[in-house]
Amino acid sequence: MSDEFGRYRLEAKIGEGGLAEVYRARGGDGSVYALKRLSRAHLGTSGLTEVFANEARVASEMQHASLLGAIDSGHVEGWPFLVMPLAAGGSLDLRLGLGGGLARALLPALAMELGRALSAVHSRGYVHGDLSPGNVLFDEQGHVLLGDFSASTTIGTSQRQPQGTFAYMSPEQVRGEQMDERADIFSLAVLLWECVSGQKIFWREAQHLCFMAVVEAEPPAMPPGFDAMETVLRGVLSKAPETRTLALEEFCQAFANAV
Ligand SMILES: Nc1ncnc2c1ncn2[C@@H]1O[C@H](COP(=O)(O)OP(=O)(O)O)[C@@H](O)[C@H]1O
Ligand SMILES: [Mg+2]
């Protein structure tokens, strides 16, 4: 395919979610970017244009080496879009799709880089709200690029409807309660648990069972040999945020030390 879209030429569709589609796009200067726009099917649907515009606004505040912030955004004949750096190294989703988790040697750097990326989001006043394997991308060298600010919300506020990837949400997010940094720490622990063991601890086929698992279920025991990591992860997977005592950096460091 090749398609003009405002100042950009869309070269290939590289991703698709519930609300948006993502393209590899070439700018007028010849550089390659990722362009995300509202799905064609949702064009003109009342409310969704505003939802996307909100994502573009938040993403434009996320300029950081570990984040896929928006470097351009706007509308092409009413069609909202945002432009970000292209993550050439694929997604964590893709790597976990093979099953069995990640190589142990990769875990410390992954945890520390995710910690830095989340910390950059928090220091800008936001909870990421959707830390999940599809939103963790990599550059050519394999360094983390955290993207997708569609569920991001100001620290200390709640989402009108829980938005995000259900199996990675915190209990307070599922309940529609106020969220702060600890919600992302919970999601990070769910994601790292999967990277360690391949287990999707709160994933259930039906959405309501997934919600219940997040709120009530304890993660199953990890396979033998991962005890130290399991202890650190369980420490921040407590259901009540006030009992998650480790701050982001401390948690990431403790996890990396436990690998
Ligand atoms: N900057 C990017 N570079 C490369 N691929 C990307 C980029 N942004 C998104 N994608 C791909 O598109 C998918 C959907 O993008 P995302 O922003 O997560 O949208 P959604 O809000 O629909 O989940 C991602 O899982 C990823 O595979
Ligand atoms: Mg996404």
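Scroll up a little and you will see the structure.
Residues numbered from 1 in each chain as written. Chains lettered and ligands numbered in written order. Predicted model: local features only at pLDDT ≥ 70, side-chain atom pairs only at ≥ 80, totals over all residues.

**A look at unusual backbone geometry**
Then, in step 1: For glutamate 77, which is not glycine, the phi dihedral falls at a positive 50 degrees.
Then, in step 2: Assignment of secondary structure puts glutamate 77 in the loop between β5 (72-76) and β6 (79-85).
Then, in step 3: When the 7 C-beta atoms within 10 Å are taken as the criterion, glutamate 77 is described as exposed.
Then, in step 4: Despite not being glycine, aspartate 148 has its phi angle at roughly 60 degrees, a positive value.
Then, in step 5: Inspection of the secondary structure puts aspartate 148 in the loop between β9 (144-146) and β10 (153-154). (Helix = DSSP H or I, 4+ residues; strand = E, 2+ residues; numbered from the N terminus. Buried ≥ 20, exposed ≤ 12 C-beta atoms within 10 Å, placed from the backbone.)

**Concerning the packing of helix α3 (residues 107-123) against helix α8 (residues 248-258)**
Then, in step 1: α8 packs onto α3 with a crossing angle of 175 degrees between their chain directions and a minimal axis gap of 8 Å. Viewed along their axes, α3 and α8 adopt a mutual orientation that is roughly antiparallel. For the pair formed by α3 and α8, the contact residues are Pro108, Ala111, Met112, Gly115, Leu118 and Ser119 on the first element and Leu248, Glu249, Cys252, Phe255 and Ala256 on the second. (Axes fitted to C-alpha atoms, helices over the stretch in contact; angles between N-to-C directions. Parallel < 35°, antiparallel > 145°, perpendicular 65-115°, else oblique. Contact = placed C-beta atoms within 7 Å.)

**Looking at the site of ligand 1**
Then, in step 1: Around ligand 1 lies a shell of 20 residues, among which Gly15, Gly17, Ala34, Ala87 and Asp148 are the nearest.
Then, in step 2: Mapped onto the shell around ligand 1, the elements with two or more residues apiece are β2 (8-16), β3 (20-26) and β4 (32-38).
Then, in step 3: Its residues assigned to classes, the shell around ligand 1 comprises 10 nonpolar, 8 polar and 2 charged.
Then, in step 4: When residues of the shell around ligand 1 are assigned to domains, at least three map to each of domain 1 (3-85) and domain 2 (92-258). (Near = placed C-beta within 6 Å. Nonpolar A, V, L, I, M, F, W, Y, C, P; charged D, E, K, R; others polar. Domains from an automatic or database assignment.)

**Some words on the environment of arginine 204**
Then, in step 1: As for its position among the elements, arginine 204 is in the loop between α5 (181-197) and α6 (207-216).
Then, in step 2: With 16 C-beta atoms counted inside 10 Å, the residue arginine 204 sits in the partly exposed group.
Then, in step 3: With 145 residues separating them in the primary sequence, arginine 204 and alanine 59 have C-alpha atoms 30 Å apart.
Then, in step 4: Discounting residues that sit within four places of it in the chain, arginine 204 has contacts with Leu209, Cys210 and Ala213.

**Comments concerning the environment of leucine 118**
Then, in step 1: Residue position: leucine 118 is located in helix α3.
Then, in step 2: Assessed through the 26 C-beta atoms surrounding it within 10 Å, leucine 118 is described here as buried.
Then, in step 3: Those residues in contact with leucine 118 that lie beyond four places of it in its chain are His128, Asp184, Leu188 and Leu248.

**What to know about the nonpolar core**
Then, in step 1: Counting residues in each nonpolar core, the largest one holds 66 residues, and the members touching the most others are Ala59, Leu114, Leu188, Ala189, Val190, Leu192 and Leu233.
Then, in step 2: Looking at this core, you find at least three residues from each of domain 1 (3-85) and domain 2 (92-258). (Core = buried A, V, L, I, M, F, W, Y, C linked by C-beta atoms within 7 Å.)

**Some remarks on the environment of glutamate 194**
Then, in step 1: For glutamate 194, the position within the fold is in helix α5.
Then, in step 2: Take glutamate 194: there are 22 C-beta atoms within 10 Å of it, and that puts it in the buried class.
Then, in step 3: Each C-alpha atom, one on glutamate 194 and one on leucine 102, is 8.5 Å from the other, the two residues being 92 residues apart in sequence.
Then, in step 4: With near-sequence residues (within four places) excluded, glutamate 194 lies in contact with Leu96, Gly101, Gln199 and Lys200.

**A word on the pairing of β3**
Then, in step 1: Two strands pair when backbone bridges link them, and β2 and β3 are joined in this way by 6 bridges, in the antiparallel orientation. Within β3, the position partnered with leucine 10 by the bridge is alanine 25.
Then, in step 2: Sheet topology places β3 next to β4; 7 bridges connect them, and they run antiparallel. Residue pairing for β4: glutamate 21 is matched across the bridge by arginine 37.
Then, in step 3: In this structure, the hairpin formed by β3 and β4 is closed by a connection of 5 residues, where glycine 30 is found at a positive phi of approximately 90 degrees. (Pairing = 2+ DSSP bridges.)

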